[in-house]
Amino acid sequence: MQSLLYAFRQALQTPSRNPRTAVALGRLLGFAFILCFATGIYSHFIQDPLPGMHFLTRPVWLYQVTQGIHITAGIACFPLIFAKLYSIFPLLFQTPPVKGVVHLLERASIALFVASSLFEITIGLINTFQWYALFPFPFRQTHFSISFVVIGSLAIHIAVKLPIITRYWAKKNAYDENGEVKPLEEHENDDLVRLPLTDIGIGVTSRVFAWIDRAPKPKTPGTNRRGFFVTVGVAVAAVVGLTVGQSVRPLDFANIFAPRKAGVGPNALPVNRTAHAAKVIDDAMSPHWTLTVTAGNVTKDFNRKQLEAMTQYQVDLPIACVEGWSQMAHWKGPRVKDLMSRVGAKQGVSVKATSLEKGSSYAVTTMEPEFAWDDLTLIALEVDGATLDIDHGFPARLIAPARPGVLQTKWLDSIEAL
Ligand code: HEM
Ligand SMILES: Nc1nc2c(c(=O)[nH]1)N[C@H]1C(S)=C(S)[C@@H](COP(=O)(O)O)O[C@H]1N2
Ligand SMILES: [Mo]
């Protein structure tokens, strides 16, 4: 058994599989994961704020950028994670497979890290294509919870591998004078290496087990290092380059794989949920439609003519979907704050907006005061110089700066001061 695993590792050995490769890829992957985590947490709390949280309303494209980074860095994770798994692949066949309790824990933590990361990025990608039906679980809660498992197990992984990471971090320490990656052994003492943390008084020791170099040199040269990095670089550039146009519109021409194209849809703006799917056509087209505006016990109804008769404002704001696509548009209509003043709402209160749509989590949104009373927050009646299309929220929709698309409620029924 042992010699079989050993022979297998030898067969898998190639110059591109070495600790320096693993560290170089790990750095990129760690950076992408931290970007995803930070932007993901922002996206979570802007949708489900804790009491007392406040958000920036400028720049107006803030959420477009944070979520664009989330999806773009997330997509880059795919080739990076496969390359990383490739670089350490022979280690899966270590001999002996388990050397003790610490080693078992180390391998278990890596298994958890790999499994949770693959799961997280896969459901994230599927979500951007709106294939929700594939999930037997609620996407947001699951993706949110697993993100803590990913980041937690990443922290453990970094702590365990710290000696290798520090040793191979700098290029000059990683290679010898012939340009060969230095083996790990010379710095090892009986497989037991003290974490640098011990030196600053934190009593942690960790076993660092023989790297793949300890397996005999490969019989055939295999993939060389430069070829490997070029391949990984091309793969990352390709998946990012062919999708990033969904978030960064000047690159839209190269958007081949991402689910949404710019300018495709009514009013030349993509649609997420159609009026038909939301079952609002009859109510939205009704000649008796009004927007009900309430503050305390004052309620006033405004039909479209009355809304059009109010002072109209024109703003450039993006629809920035949580799924990563976004598009700038030019909106026109009265301000939410002016409507609130008409019913005597107290300045600076939160405002709840409700759609004609029933039974959808997108049908109601609460705007914190900084959004509700912002000069750019409108009840939009027109987009890009034409009446709102029914699929974009006719007769009236909400549009506010720096908020995710899901909170830009379409087919409004009422707004209410809280
Ligand atoms: C390590 C990688 C990742 C981490 C740590 C992470 C973390 C998060 C977190 C914490 C959220 C907020 C969830 C919530 O609102 O409760 C989020 C949202 C989201 N993530 Fe990720 N994510 C990762 C990778 C990805 C990838 C690869 C994609 C897609 C390519 C993706 C797509 C999304 C989408 C579409 C949302 C918005 C969900 C919604 O609000 O409906 N994520 N992510
Ligand atoms: N009532 C209602 N409003 C909604 C939605 C919805 O499903 N129902 N979808 C939201 C989402 S997820 C986005 S990204 C934007 C998209 O706006 P658009 O379809 O006009 O481009 O509308 C938002 N407003
Ligand atoms: Mo969205």
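Residues numbered from 1 in each chain as written. Chains lettered and ligands numbered in written order. Predicted model: local features only at pLDDT ≥ 70, side-chain atom pairs only at ≥ 80, totals over all residues. Heavy atoms only, no water.

1. Topic: the site of ligand 1
Now for step 1: Taken together, the neighbourhood of ligand 1 is formed by 26 residues, with His-44, Gln-47, His-70, Arg-140 and His-143 sitting nearest.
Now for step 2: His-44 places a side-chain nitrogen or oxygen 2.4 Å from an oxygen atom of ligand 1.
Now for step 3: Within the side chain of His-70, a nitrogen or oxygen atom sits 2.7 Å from a nitrogen atom of ligand 1.
Now for step 4: Within the residue set of the shell around ligand 1, elements represented by two or more residues are α2 (19-47), α3 (62-88), α4 (101-128) and α5 (139-169).
Now for step 5: Among the elements that take part in the shell around ligand 1, α2 stands out by supplying seven residues, more than any other. (Near = heavy atom within 4 Å. Polar contact = N/O pair within 3.5 Å; in protein donor to acceptor, adjacent residues only side chain to side chain. Helix = DSSP H or I, 4+ residues; strand = E, 2+ residues; numbered from the N terminus.)

2. Things to note about the side chain of Thr-21
Now for step 1: With respect to the secondary-structure elements, Thr-21 resides in helix α2.
Now for step 2: Residue classification places Thr-21 among the buried residues on the basis of a relative accessible area of 1%.
Now for step 3: Not counting the four nearest positions on each side in its chain, Thr-21 is found in contact with Ser-16, Ser-87, Phe-228 and Phe-229. (Buried < 20%, exposed > 50% of the residue type's maximum accessible area, 1.4 Å probe, protein only. Contact = heavy atoms within 4.5 Å.)

3. A few points about the packing of aromatic side chains
Now for step 1: Taken as a whole and assessed by the stated rule, the structure comprises nine aromatic pairs.
Now for step 2: Here the aromatic rings of Phe-144 and Phe-148 are separated by 5.2 Å at their centres, their planes lie at 80°, and the arrangement is edge-to-face. Within this pair, Phe-144 and its partner Phe-148 are both found in helix α5, separated by four residues, close to a single helical turn.
Now for step 3: Aromatic side chains Phe-228 and Phe-229 sit 5.7 Å apart centroid to centroid with 70° between the ring planes, which places their arrangement in the edge-to-face category.
Now for step 4: Residue class for Phe-229 comes out partly exposed when judged on its relative accessible area of 30%.
Now for step 5: Aromatic rings pair up to connect Phe-119, Phe-135, Phe-137 and Phe-139 into one cluster.
Now for step 6: It is Arg-17 that lies over the ring of Tyr-86; its NZ or CZ is 3.9 Å from the centre. (Phe/Tyr/Trp six-rings, centres within 6.5 Å; stacked < 30°, edge-to-face > 60°. Lys NZ or Arg CZ within 6 Å of the ring centre and 35° of its normal.)

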